[in-house]
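One letter stands for each residue in the lines below.
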Amino acid sequence: MQFRRVWAAACAGVSVIAIQGAAYAQNTPDSASADAEKAFAGDIIVTANKREESLSKVGQTITAISGAMLADRKISSLDDIAAAVPGLSYAPSAGATPILTLRGIGFNEQSLGVYPAVSSYVDEVPLAFPVMTLHAAFDLERIEVLKGPQGTLFGQNATGGAINFVAAKPTNTWQAGGDISYGRFNTVEGNAFVSGPVSDNAGVRLAVTGLNSDDWQKSVTRRDTNGSKSYVAGRFLFEFEPSDSARFLLNINGFKDKSDPQAQQSIAFRPSSSSAAIQQAVIDNYTNGINFAPNNARAADWTGTTFDPALGTPAGGGAIVPGSAPLVDFSPFSDRKFVQASLRADVDLTDEITITSLTSYSDYDQLQNVSTSGTEYLQSNIVDQTGRIKSFNQELRIANDNAERLRWLVGFNYEDSKTDEDYLVRFTHTAYRAGTMFINAPAVHTYQDIRNYALFGNAEFSVNDRVVLKGGIRYTNSRNKAELCNTTIPGGNVDLFFNFLGNAVGGGTPFTPVGPDDCYSLNEQNVPIGVPVFATLEEDNISWRGGVDFQVNSDLLLYANVSRGYKAGSFPSLTASNIAAFSPVNQEVLTAYEGGVKAKFMDGRGSVNGAVFYYDYKDKQVRGKLSDIIFNQLDALINVPKSRVFGIEADVTIRPVDGLTVSAAATYLDSKITDYTAINVVGVTNFDHSGATLPFTPKLSGTFNVDYRAETSGGGTPFVGFTISARSKADSVIAAREIDYFNTTGSYAKPGVDCVFCIKGYATVDARLGYEAEDGRWKVMAWGKNILDKYYWTSVHQSYDGASRFAGMPATYGVTFGFKFD
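Let me sum up the structure you'll find in this document. (Residues numbered from 1 in each chain as written. Predicted model: local features only at pLDDT ≥ 70, side-chain atom pairs only at ≥ 80, totals over all residues. Heavy atoms only, no water.)

### Concerning the pairing of strand β15 (residues 229-243)
Here is the rule: Two strands qualify as a pair provided DSSP detects at least 2 bridges between them. Each helix is a run of DSSP H or I of at least 4 residues and each strand a run of E of at least 2, with the numbering of both proceeding from the N terminus.
In the sheet, strand β12 (residues 202-213) pairs with β15 via twelve bridges, with the strands oriented antiparallel. Bridge pairing in β15 places Thr 209 opposite Ala 233. Here eleven bridges tie β15 to strand β16 (residues 246-257), and the two strands are oriented antiparallel to one another. Within β16, the position partnered with Val 232 by the bridge is Lys 256. Between the antiparallel neighbours β15 and β16 lie two residues.

### A short note on the sheet that holds strand β9 (residues 161-167)
Filter applied, for reference: Angles run from 0 to 180 degrees between N-to-C directions of axes, and those axes are lines fitted to C-alpha atoms, restricted for helices to the stretch in contact.
The five strands are arranged β3-β8-β9-β6-β7 in an open sheet whose pairing can be described as mixed. On the outer flanks of this sheet lie β3 (62-66) and β7 (125-127), each paired with one strand and no other. Each strand axis lies, on average, 20° off the axis of its neighbour in the sheet, ignoring direction. Taken together, the three bridges between strand β6 (residues 118-122) and β7 define a ladder with antiparallel strand orientation. The partner of Tyr 121 across the bridge, within β7, is Pro 126.

### What to know about the side chain of Thr 187
Test applied: When checking whether two residues touch, look at their non-hydrogen atoms; a contact exists if any pair is within 4.5 Å.
Mapped onto the secondary structure, Thr 187 falls in strand β11 (residues 187-199). Beyond its immediate sequence surroundings of up to four residues, Thr 187 is in contact with Ser 181, Tyr 182, Leu 211, Asn 212 and Ser 213.

### Focus: the sheet that holds strand β14 (residues 225-226)
Strands sit in the order β14-β13-β18 across an open sheet of three strands; the sheet is mixed. Two strands bound the open sheet, and with one partner strand each, they are β14 and β18 (299-300). Here strand β13 (residues 217-219) pairs with β18 via two bridges, running parallel. Residue pairing for β18: Lys 218 is matched across the bridge by Ala 299.

### Side note on the side chain of Ser 334
Stated formally: Only protein chains enter the accessibility calculation, which uses a 1.4 Å probe; a residue whose area is less than 20% of its type maximum is buried, one above 50% is exposed, and one in between is partly exposed. Whenever two N or O atoms come within 3.5 Å, that pair is a polar contact, provided that in protein one can donate a hydrogen and the other can accept it, and provided that, for residues adjacent in sequence, both atoms are side-chain atoms.
Counting through the fold element by element, Ser 334 comes out in strand β23 (residues 333-348). For Ser 334, a relative accessible area of 6% corresponds to the buried category. Only 2.4 Å separates the side chain of Ser 334 from the backbone oxygen of Ser 259, close enough to count as a polar contact. Sequence-distant contacts of Ser 334, defined by excluding residues within four places in its chain, comprise Asp 257, Lys 258, Ser 259, Pro 261, Leu 367 and Gln 368.

### Remarks on the nonpolar core
Spelled out, the test is: To define a nonpolar core, start from buried Ala, Val, Leu, Ile, Met, Phe, Trp, Tyr and Cys residues and group those joined through side-chain atoms within 4.5 Å.
Ile 734 and Phe 757 are the most contacted members of the largest nonpolar core, which totals 45 residues. Listing elements by their share of this core, those giving two or more residues are β17 (265-269), β35 (588-601), β36 (606-628), β37 (632-654), β38 (660-675), β45 (758-759), β48 (793-799) and β49 (802-807). Ranked by size, the runner-up nonpolar core spans 39 residues in total, among them Val 118, Ala 136, Ile 389 and Ala 568.

### What about unusual backbone geometry?
For Asn 493, which is not glycine, the phi torsion reads 70° and is therefore positive. Tracing the chain through its elements places Asn 493 in the loop between β30 (467-487) and α7 (494-505). If you check the backbone angles, Asn 686 has positive phi at about 50° while not being a glycine. Its location among the elements puts Asn 686 in the loop between β39 (677-678) and β40 (687-688).

### Examining the layout of surface pockets
Put simply, the rule is: With a 1 Å grid laid over protein atoms only, a set of points is called a cavity when a 1.4 Å probe fits there but cannot get out and a pocket when it is open yet has protein on both sides within 12 Å along at least five of seven lines; lining residues have an atom within 4 Å of a point. Grid points are joined across faces, edges and corners, and a volume is the space filled by probe spheres set on the points. Under the convention adopted here, Pro, Cys and the residues Ala, Val, Leu, Ile, Met, Phe, Trp and Tyr are nonpolar, Asp, Glu, Lys and Arg are charged, and Gly plus all remaining residues are polar.
Estimated volume of the second largest pocket: approximately 1,000 Å³. Of all elements in the fold, only β8 (140-147), β9, β15, β16, β23, β24 (353-370) and β25 (379-400) reach the threshold of two or more residues within the lining of the second largest pocket. By residue class, the composition of the lining of the second largest pocket is ten nonpolar, nine polar and 17 charged.

### Describing a nonpolar patch on the surface
Stated formally: Every patch collects residues that have over 30% relative accessible area and no salt bridge, joining them within 9 Å if they carry like charges and within 5 Å if they are nonpolar side chains (Val, Leu, Ile, Met, Phe, Trp, Tyr). Shrake-Rupley sampling with a 1.4 Å probe provides the accessible areas, and residues are treated as covered by the protein chains on show and by no other component. Here, a salt bridge means any side-chain nitrogen of Lys or Arg that lies within 4 Å of a carboxyl oxygen of Asp or Glu.
A cluster of nonpolar residues, Trp 174, Val 194, Val 198, Leu 206, Val 208, Phe 236, Ile 252 and Val 339, forms a patch on the protein surface that exposes about 650 Å² of accessible area. Going through the elements one at a time, β11 and β12 are the ones with two or more residues in the nonpolar patch. As for its placement among the helices and strands, Val 339 is situated in strand β23. Under the relative-accessibility criterion, Val 339 is labelled partly exposed at 44%.

And the structure:
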């Protein structure tokens, strides 16, 4: 009801694109009022076609957020960006890998080395894997969110769209600035930059950001807290122009993040095994102590210090002597490090033709513990998770950007990436036994060696002053070599359990018993394999797009586009009782049809943009379920044969009086699976998922924003504003509303939960009030996020026998002081 009331109020107002902004003049951050002036002047500059163009003249749907608006609205994280962009959803995962879904297109996979469906870039340099995007949103000119398949220019893995973080560049004069904030949970956040020329043809810019806060989550079972945040990120740019025809930009950036992974809220449990004995064991453990979290954003639970069953004294048959296991701290923690270096070179061959080289190397490392069940127990916790990604990317292209009639671009791209992920899944519950053999520590190892290359071209032809024909094509060839293995540790008993299974269900097939260091998964004969699975996935595809722009007059643009994009297949990182679960997911393909309008009115004091689109989605990649003779169902990567998305987007902008900007933007999505029969998330085989919606795809999402700035006679500017972000209900898994979670003996959910994997619609309100001195020399602002303290959640995770929520942040508030010198 609250969502409907707030949404109705928002839509009743005059609307504007809530977050359009402008590029910097001389690469210096403008004030929000200057952003508004530029927005209505129509000179918002974007690089959707890999060249600078006015946003109002680009025939596709793009949302642009300026650096000033990022600062004013305290947008610094992926969930902040998603809240500001209608149609974009952010969801955390059990592995702490972020999941972005744009217009219903996303990949709900938590593995470290997984490609996204919404790709991200810094100045067109790829952040190839989702974890690399965690701290890109600082010291920016703007963020560009390109909606729809971007395969021809940005490559595969952009079926949903692309996000380009455009960094602020070195300035022509020496400047420095920054801000410092203090807020709830003892949060201290700072940003600073220094920029200027070091010679007549070279400049530098150094920017840093950092945050430190206390714990914001409270345990529901004991006096313990979690959720502290601590990170620092930096970016160094060196710009060099040795001549009028050559330009070079070196970018070295990175971050170190030691924030606690978010703990979850337990809301339901059900025994995943079909064994009556295992079902009863799960029931006994849950009913003897599990405490469901209340509807409070700060309430959660996680494993702290508890006994380690793998270190206990054996009592025979895989059991341990009671009380013999030592206490070990399994509390959530993380240590993530990322560094990237890139070099861009632009050389003008003629006045119209430029050759561009983009070379980059990225290195990511992590070590973390993640509590995945929302309980105090070791219940499928991810422990000692180490990960490493090394990624090299080279793009070379030649373009004729300045021609009056025919503008073209051709290029080549090469990527070489290696991902390595290892972790333990720990248990203390007595659920998984064969007799007295207690499984407590399966281990996962996944290594991928990925090579991609692509050839691409794009062209635009101006038929006359009003009509532009557009077309592009890209050929991509991918090869992924993987090594996959599940092992255990001494005392983990998984080896003993699978040796038992090999004798029990192997039909007499001879095999060599496995030990803790051997790969235990069962093969086609249902006996342990003993060695890693080596597999190769080879794919190729042709992405394309075509379209037409019709400039009716200087204030009105009509456009129509059709495009096709692909997302590469990949291997899973998961526990697999059978090697069938190691099977890769194949590439997905999306064909998009879109028509839109961009218009200005009221002598440029207002603008309206709209689009209607239809997606034909084949072989969508999801983290689904696989039938298993031991555990009934286990996680696996699955292709959904057919689905579709129909959508409408609209935003309107108006500035009725000087200083007042009112804005709203909305997206309507109707997603549906049209062909998919398989086991569902609660183990029902041959379940027809047809008619179900796609995960993380609310039917309605939108923003409503009001900003007022009143310049005084002394030159200073008081300002006030608020933003409403709202979205309707969504599903966190396929067929969340169609499945019967309670179809197994002992299934139970906390009172009031009738749809376990559903995400309830919600609306949040942010507000700000401040004063900016003349020429922006200093600024002070009081701000609040989710000021009504709305309880909501962004995802629901299933971990073997339980289900748990990721709650959104409660109300946060604080004060920011900003400064600038030049």
